[in-house]
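Breakdown of the fold
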Amino acid sequence: MNARTPRRTTALRPAVPLVLLLAAAGVLLLGGCGVVDGVTGSGDSSTPSRREDIKVGLLLPDKDTARFERFDYPLIKSRVASLTGGKGKVVYANAEASASRQNKQFAQLVDDKVDVILVDAVDARAIAPGVRKAKDAGIPVIAYDRLAQGPIDAYVSHDNELVGEVQGRAIVDALGDKAATSKIVMMNGSPADPNTALFKEGALSELKGRVVIAKSYDTREWLPEVAKANMAKAIASVGLKNIAAVYSANDGMAGAVIDELEQSGATKLPPVTGQDANLDAVQRIVAGEQTMTVYKSFLLEAQGAAEMAVYKVQGRDIAFDAMTQDTIDSPTRKDIPAMLVPVVALTKSNIKDTVIKDGVYTVKDICTAKYAADCTAIGLK
Ligand code: GAL
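Note that this is a predicted model, so its numbers are computed, not measured. (Residues numbered from 1 in each chain as written. Predicted model: local features only at pLDDT ≥ 70, side-chain atom pairs only at ≥ 80, totals over all residues. Heavy atoms only, no water.)

Let us now look at the overall build of the protein. Secondary structure summary: the protein contains 14 helices and 14 strands in total. Counting only residues that meet the buried cut, the protein has 56% of its 381 residues in that class. Accessible surface for the protein amounts to roughly 15000 Å². Of this, 53% is attributable to carbon and sulfur atoms. (Helix = DSSP H or I, 4+ residues; strand = E, 2+ residues; numbered from the N terminus. Buried < 20%, exposed > 50% of the residue type's maximum accessible area, 1.4 Å probe, protein only. Areas by Shrake-Rupley, 256 points an atom, 1.4 Å probe, with all protein chains shown as cover.)

Right under this line is the structure:
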């Protein structure tokens, strides 16, 4: 597993209002449910001399994390279409958290001779032989969100150590002057996901020496039910009343942790972190049940990936290089060209300036009847 700190050669690019980018990309955000849909054949499609009948293979890791099916896939599909006059296609498969299933899906894409593969690995190491085969077959591979091992051509993600730092800092801030004597529980992600080590490393850089880490768990395949079972163990061993905060690496697990705390009789929830800005997590933040989530502009990430894939196939090296101004090392390759999209801590106070401003959700999506009073209390209307 790669626990190395990403090494960047340039500063992170500034955040760009997503609505503008999405509009430029011909992507329509359907207000009612926040679902992303595509408008093809418009905007900046490539010049006629460029190849447009491109097949982009896209492999995403699981369905438990809402973003993949809800945003990443449709956004990539739309952007590929808009860049290719509607002729480019995305061949998509979801591994449903199984590394062996993803390896088969990967081999199938190579057999189908797609032009480029975007892969968000279930297991970064297990995917490496497949990446090698694609390379041998002349198919470029771009690692999406998680740094797949093997001879990948590029990487698009976030500064994942920073994600962990933002989460860890939120715990320390929430505990205030009680932090030093406070016992916390850490719910980390899947050990096969290289981001897990980076999230953890970033979080520990904020937590170590500032709080007492009473228990720390890795969570097989990021499964919420595994996190729930681990939370039950933590409560049994540390005691419900002694748990001052829970570091949860993502929102799916945060929901499970909160369920377990409530089922164990918690009347006042301790601070709980998250990541991914899932709709239910944003609602929990509104209701004061979850302290924060990390809002990663996966919209920018998805669009960046689609652009990199199309530019790669079309041989648009200048455009490709302009997008990948960072570099990163994996355990198997050095100086991988990378695009790292900024992250933001989302709390009660900036919902409007983040997910609403970017068109991810509408106020109506968040402020359903159950949350109406809490929304009014924080001025969300
Ligand atoms: C990470 C990803 C997160 C979250 C998690 C759970 O690699 O960066 O956004 O989705 O996986 O699958």
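Tallying each qualifying case throughout the model produces one disulfide. Bridging Cys-367 to Cys-375, the disulfide has an S-S length of 2.0 Å. Note on the Cys-367 and Cys-375 pair: the S-S dihedral is about -90°, so by sign convention the disulfide is left-handed. Since its relative accessible area comes to 1%, Cys-375 is described here as buried. (Disulfide = S-S within 2.5 Å.)

Below, the discussion takes up the site of the ligand. Taken together, 14 residues are adjacent to the ligand, and Asp-145, Arg-146, Asp-193, Asp-276 and Lys-296 come closest. Between the ligand and the protein, one listed contact pairs an oxygen atom with a side-chain N or O atom of Thr-65 at 3.1 Å. When the ligand sits alone it has 300 Å² of accessible area, and the protein chains cover 100% of it. Those elements that place two or more of their residues in the shell around the ligand are helix H2 (66-83) and helix H6 (194-207). Residue composition of the shell around the ligand, grouped by class: three nonpolar, four polar and seven charged. (Near = heavy atom within 4 Å. Polar contact = N/O pair within 3.5 Å; in protein donor to acceptor, adjacent residues only side chain to side chain. Nonpolar A, V, L, I, M, F, W, Y, C, P; charged D, E, K, R; others polar.)

Attention now moves to the pattern of salt bridges. Tallying each qualifying case throughout the model produces 20 salt bridges. Among the salt bridges present, the one from Arg-146 reaches Asp-193, with a minimum N-O distance of 2.8 Å. Taken as a pair, Arg-146 in the loop between strand E6 (141-144) and strand E7 (154-158) and Asp-193 in the loop between strand E8 (183-187) and H6 lie far apart in primary sequence, 47 residues in all. Asp-193 carries the same exposure label as Arg-146, and that label is buried. Close ionic contact of Asp-218 with Lys-200 constitutes a salt bridge, the shortest N to O distance being 3.2 Å. With a gap of 18 residues between them, Asp-218 in the loop between strand E9 (212-217) and helix H7 (224-238) and Lys-200 in helix H6 connect regions that are remote in the sequence. Overall, the relative accessible area of 24% leaves Lys-200 in the partly exposed class. Beyond isolated ion pairs, a larger network of salt bridges with shared partners links Asp-62, Asp-120, Arg-146 and Asp-193. (Salt bridge = Lys/Arg side-chain N within 4 Å of Asp/Glu carboxyl O.)

Next up on the list: H6. The end-to-end C-alpha distance of H6, which contains 14 residues, comes to 20 Å, matching closely the 20 Å that a straight helix rising 1.5 Å per residue would cover. Summarising burial for H6: ten of the 14 residues are buried, a large majority. Looking at H6, one finds that the buried residues are Pro-194, Asn-195, Thr-196, Ala-197, Leu-198, Phe-199, Gly-202, Ala-203, Glu-206 and Leu-207. Where H6 begins, the side chain of Asp-193 points an oxygen toward the backbone nitrogen of Asn-195, at a separation of 2.7 Å. (Expected span 1.5 Å × (residues − 1).)

With that settled, consider the packing of aromatic side chains. Within the structure shown, the criterion is met by four aromatic pairs. Look at Phe-71 and Tyr-361: their rings are 6.2 Å apart centre to centre, the planes differ by 65°, and that puts the pair in the edge-to-face class. In this pair, Phe-71 is assigned in helix H2 and Tyr-361 in the loop between helix H12 (352-356) and helix H13 (363-366), connecting sequence segments 290 residues apart. A relative accessible area of 1% means that Phe-71 is categorised as buried. By relative accessible area, Tyr-361 is classed as buried at 3%. Where Phe-199 meets Trp-222, the ring centres are 6.1 Å apart and the plane angle is 70°; that geometry is what we call edge-to-face. Of this pair, Phe-199 sits in helix H6 while Trp-222 sits in the loop between E9 and H7, and the two are 23 residues apart along the sequence. The pair formed by Phe-199 and Trp-222 is uniform in burial state, with each residue classed as buried. Here a set of aromatic residues connected by ring pairs shows up, and it is made of Phe-71, Phe-298 and Tyr-361. (Phe/Tyr/Trp six-rings, centres within 6.5 Å; stacked < 30°, edge-to-face > 60°.)

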